[in-house]
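A structural walkthrough
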Amino acid sequence: EGLETFNLGSSSQTPKETNLLLNKYLPQLKPKLIIYEVFPTCFELDGLEASLNMISAQPLDADFVPMLWRSPSPKLFNTFIVSCFNKWTKEQPIDLSVPFTAKDIYHEGGFVERIDTDYDFDVEAPRAYSFRAEQLEAFEDNVKLIQERGIDLLFVYAPVTKVFDASRTNPDVLNEYLSKFETPFWDYHKGLTLLDSLHFYDEDHLNNEGVVIFNNVLLDRLYSEGFVKNQ
């Protein structure tokens, strides 16, 4: 589409890790628009998985050290020590072309293609969302940080399966929380003409076919509502 974009997200990233990334990279990236995905499960997580990923990638980065006490965990401290040791002793840089699993193909520029996208998931028992106070606090700090820099901000909830949505007993809690912000919220978690078994590979991840449909819808609206100017 001729747009210059950068994805500052990672696997299971929570607002706490996002806060560190925003503080470090916003001055460099200077974006005109931030599309902030507001997947409600990320408000429930402790942030350990994302912290492990970030510490592994940048073990000696002083800006990321606060993760060690924001999400204290023996696993996180061990990963930090091992990652530092590996960085000190290995001369060869990490080969990003090597996939993390046989299901992933790395494309130069930062895109990882998932090749095994057959629909497969375990149905969860019904439960309510339970957001962590520290994640909500970090999220609000993130919003403030973005707005203080005069960057346009848009909240987006990407599509999930009907099965996933039906398993939550309080599905409106995210909408209620986000209503306190003066920020546009585009909720696509349901409403698009997507089929669970055709357009998703698990309960909350689109497959390639679903991604194409969602991308087109999102891009059209970004243009029509003036968030992105026509080239």
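Just so you know, these numbers come straight off a predicted model, no measurement behind them.

Rules and cut-offs
- Residues numbered from 1 in each chain as written.
- Predicted model: local features only at pLDDT ≥ 70, side-chain atom pairs only at ≥ 80, totals over all residues.
- Heavy atoms only, no water.
- Phe/Tyr/Trp six-rings, centres within 6.5 Å; stacked < 30°, edge-to-face > 60°.
- Helix = DSSP H or I, 4+ residues; strand = E, 2+ residues; numbered from the N terminus.
- Buried < 20%, exposed > 50% of the residue type's maximum accessible area, 1.4 Å probe, protein only.
- Pairing = 2+ DSSP bridges.
- Axes fitted to C-alpha atoms, helices over the stretch in contact; angles between N-to-C directions.
- Bend = angle between axes of the 7 residues up to and from the residue.
- Salt bridge = Lys/Arg side-chain N within 4 Å of Asp/Glu carboxyl O.
- Expected span 1.5 Å × (residues − 1).
- Contact = heavy atoms within 4.5 Å.
- Polar contact = N/O pair within 3.5 Å; in protein donor to acceptor, adjacent residues only side chain to side chain.

Following the criterion strictly, the structure yields 15 aromatic pairs and no others. Considering the side-chain rings of Phe 43 and Phe 139, the 5.2 Å spacing of their centres and the 75° angle between planes classify their relative orientation as edge-to-face. On the criterion of sequence distance, the pair formed by Phe 43 in the loop between strand 1 (33-37) and helix 2 (48-57) and Phe 139 in helix 5 (residues 133-148) is long-range, its members being 96 residues apart. Neither residue differs from the other here; Phe 43 and Phe 139 are each classed as buried. Pairing Phe 155 with Phe 181 gives two aromatic rings, centres 5.9 Å apart and planes at 85°, and the pair type is edge-to-face.

Here 3 strands make up an open sheet; going across it, the order is 1-4-5 and the pairing parallel. This sheet does not close on itself; its edge strands, each paired only once, are strand 1 and strand 5 (185-187). Pairs of neighbouring strands in the sheet enclose a mean axial angle of 25°, with direction left out of account. The pairing of strand 1 with strand 4 (residues 152-157) spans 5 bridges and is classified as parallel.

This paragraph deals with helix 1 (residues 15-29). Of all the bends in helix 1, the greatest reaches close to 35° and is centred on Asn 23; the proline Pro 27 follows between one and four positions later. In the segment just after helix 1, Lys 30 is the residue with positive phi, at about 45°.

The next point concerns the pattern of salt bridges. Here the structure, examined in full by the defined rule, presents 5 salt bridges. With a closest N to O distance of 3.5 Å, Glu 134 and Arg 132 form a salt bridge. Of the residues examined, Arg 132 reaches a relative accessible area of 32% and is grouped as partly exposed. Glu 225 serves as the salt-bridge partner of Arg 221, at 2.8 Å between the closest nitrogen and oxygen.

Here we come to helix 9 (residues 208-224). Structural remark: α-helix, 3.6 residues per turn; residues separated by three or four positions point the same way. Across its 17 residues, helix 9 extends 24 Å between first and last C-alpha, which sits within 8% of the 24 Å expected from 1.5 Å per residue. Where helix 9 is concerned, the buried positions are Gly 210, Phe 214, Leu 218, Leu 219, Leu 222 and Tyr 223. Those residues of helix 9 hidden inside the fold are in contact with strand 1, strand 4, strand 5, helix 8 (196-199) and strand 7 (205-206). Looking at where helix 9 begins, the residue whose side-chain oxygen comes 3.2 Å from the main-chain nitrogen of Glu 209 is Asn 207. Directly after helix 9, the chain includes Gly 226, whose backbone phi takes a positive value near 80°.

Tracing the backbone shows Asn 208 in helix 9. A residue is classified by how much of its surface remains accessible, and Asn 208, at 38% relative accessible area, is partly exposed. For the pair formed by Asn 208 and Arg 114, sequence separation is 94 residues and the distance between their alpha carbons is 8.3 Å. Excluding residues that lie within four positions of it along the chain, Asn 208 makes contacts with Glu 113 and Arg 114.

Our next topic: the environment of Glu 140. Within the secondary structure, Glu 140 sits in helix 5. Using a relative accessible area of 29% as the deciding quantity, one classes Glu 140 as partly exposed. Along the chain, Glu 140 and Phe 181 lie 41 residues apart, while their C-alpha atoms are 9.1 Å from each other. Ignoring sequence-local partners within four residues, the contact set of Glu 140 consists of Tyr 177, Lys 180 and Phe 181. In this structure the side chain of Glu 140 is engaged in a polar contact, spanning 3.2 Å, whose partner is the side chain of Lys 180.

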